[in-house]
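Chain residues, written in single-letter form:
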Amino acid sequence: MALPVSALLALVMLCSSVSCSLGCELLWSHGNPETDTLLKQMGRISIWSCLKDRTDFRFPETLVDGNQVEKTQAIDVMHKMLQQTFNLFSTSDAAAAWDKTLRKRFLAVLDLQLDGLEPCLSEEKKVGQSSLGSENSSLAVKSYFEGISLYLKEKKYSLCAWEVVRVEIRNRLVLVNKLIGKLRK
């Protein structure tokens, strides 16, 4: 007898959690493809219809420069990016802009990934890696997301503004994943 879709989804979600993962090794080997997939699926309108709304959010590229970033800082950047993304998509304004089911799945995956990163952050800090770079990166990520929030407010949380933000965040998370891939080697 086949399991209902909801039961299968629950099993997938459970085994995506820390209890079924390999800890930090999972982060280094897989990154966060679920986040990328869900962000891709969330697109509701063509980005081409929103070209007039595009803007430069001034993502601090030094955060993903594999030559200058340590492992601890990369984990911290990933954590901050996921946390700020979670906060942004948890707002009532985001609820009005996105498909309810996809948004809930996206937030659930972000939450699981954040939980999975907690032991990695603790592990790296125990090793005694410098936290100055992490503090600077935290401020840079916070400033970046403040700019995104201001942009959404100025655009009155329009669908095009949210689409521009969705594409922006997706692209930046891909960069962070690439950085993690470089550091893994």
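Predicted model only: the values in this text are computed from it and were never measured. (Residues numbered from 1 in each chain as written. Predicted model: local features only at pLDDT ≥ 70, side-chain atom pairs only at ≥ 80, totals over all residues. Heavy atoms only, no water.)

A. Here's a closer look at the overall build of the protein. Within the protein one finds eight helices and zero strands. Each helix (α) and strand (β) of the protein, taken in turn from the N terminus, gives the series α-α-α-α-α-α-α-α. Counted over contacts in the protein with a minimum sequence separation of 6, partners at least 24 positions apart contribute 86%. (Helix = DSSP H or I, 4+ residues; strand = E, 2+ residues; numbered from the N terminus. Contact = heavy atoms within 4.5 Å.)

B. Inspection of the nonpolar core at higher detail. If you look at the biggest cluster of nonpolar residues, it comprises 45 residues, and the most contacted ones within it are M81, L88, F89, I148 and I169. Put simply, the parts of the chain that give this core at least two residues each are α3 (33–42), α4 (71–89), α5 (92–97), α6 (100–127), α7 (132–154) and α8 (159–184). Looking at this core element by element, the count peaks at ten residues for α8. When sequence neighbours within four positions are dropped, the list of residues in contact with L88 reads A94, F145, I148, S149, L152, W162, V165 and I169. (Core = buried A, V, L, I, M, F, W, Y, C linked by side-chain atoms within 4.5 Å. Buried < 20%, exposed > 50% of the residue type's maximum accessible area, 1.4 Å probe, protein only.)

C. A look at the packing of aromatic side chains. Taken as a whole and judged by the stated rule, the model has seven aromatic pairs. Plain terms: the ring middles of F89 and W98 are 6.0 Å apart, the flat faces sit at 35 degrees to each other, and that makes the pair tilted. Note on F89: relative accessible area 0%, which makes it buried. Take W98: its relative accessible area is 5%, and that puts it in the buried class. Arranged with centres 5.6 Å apart and planes meeting at 55 degrees, the rings of F89 and W162 form a pair that is tilted. One end of the pair, F89, is in helix α4; the other, W162, is in helix α8, and 73 residues separate them in sequence. Take F89 and W162: they sit in the same class, and that class is buried. In textbook terms, an aromatic cluster arises when at least three aromatic residues are bridged by ring pairs, as seen for F89, W98, F106 and W162. (Phe/Tyr/Trp six-rings, centres within 6.5 Å; stacked < 30°, edge-to-face > 60°.)

D. Up close: the side chain of E168. Mapped onto the elements of the fold, E168 is located in helix α8. Of the polar contacts made by the side chain of E168, one reaches the side chain of R172; its length is 3.0 Å. If near-sequence neighbours (up to four positions away) are discounted, E168 is found in contact with F57, F59 and Y144. (Polar contact = N/O pair within 3.5 Å; in protein donor to acceptor, adjacent residues only side chain to side chain.)

E. Local environment of the pattern of salt bridges. In the structure shown here, the tally under the stated rule is six salt bridges. Between K52 and D53 there is a salt bridge, with its nearest N and O atoms 3.3 Å apart. Owing to a relative accessible area of 8%, D53 belongs among the buried residues under this scheme. Here K155 ties to D53 by a salt bridge, and the two come within 3.1 Å at their closest N and O atoms. Of this pair, K155 sits in the loop between α7 and α8 while D53 sits in the loop between α3 and α4, and the two are 102 residues apart along the sequence. The partly exposed category is assigned to K155, whose relative accessible area is 31%. Within this structure, K52, D53 and K155 form a network of salt bridges that share partners. (Salt bridge = Lys/Arg side-chain N within 4 Å of Asp/Glu carboxyl O.)

F. Quick look at the side chain of D53. Within the local environment of D53, its side chain forms a polar contact with the side chain of K155, the two groups lying 3.1 Å apart. Excluding residues that lie within four positions of it along the chain, D53 makes contacts with Y151, K155, C160 and V164.

G. Expanded view of the state of the cysteines. Applying the stated criterion across every chain yields a total of one disulfide. The disulfide bridge from C50 ends at C160, spanning 2.2 Å between sulfur atoms. Of note, the bridge from C50 to C160 carries an S-S torsion of about -75 degrees and is left-handed in sense. Here C50, found in the loop between α3 and α4, pairs with C160, found in helix α8; they are 110 residues apart in sequence, far enough to count as distant. We classify C50 as buried; its relative accessible area is 0%. Judged by its relative accessible area of 12%, C160 falls in the buried class. (Disulfide = S-S within 2.5 Å.)

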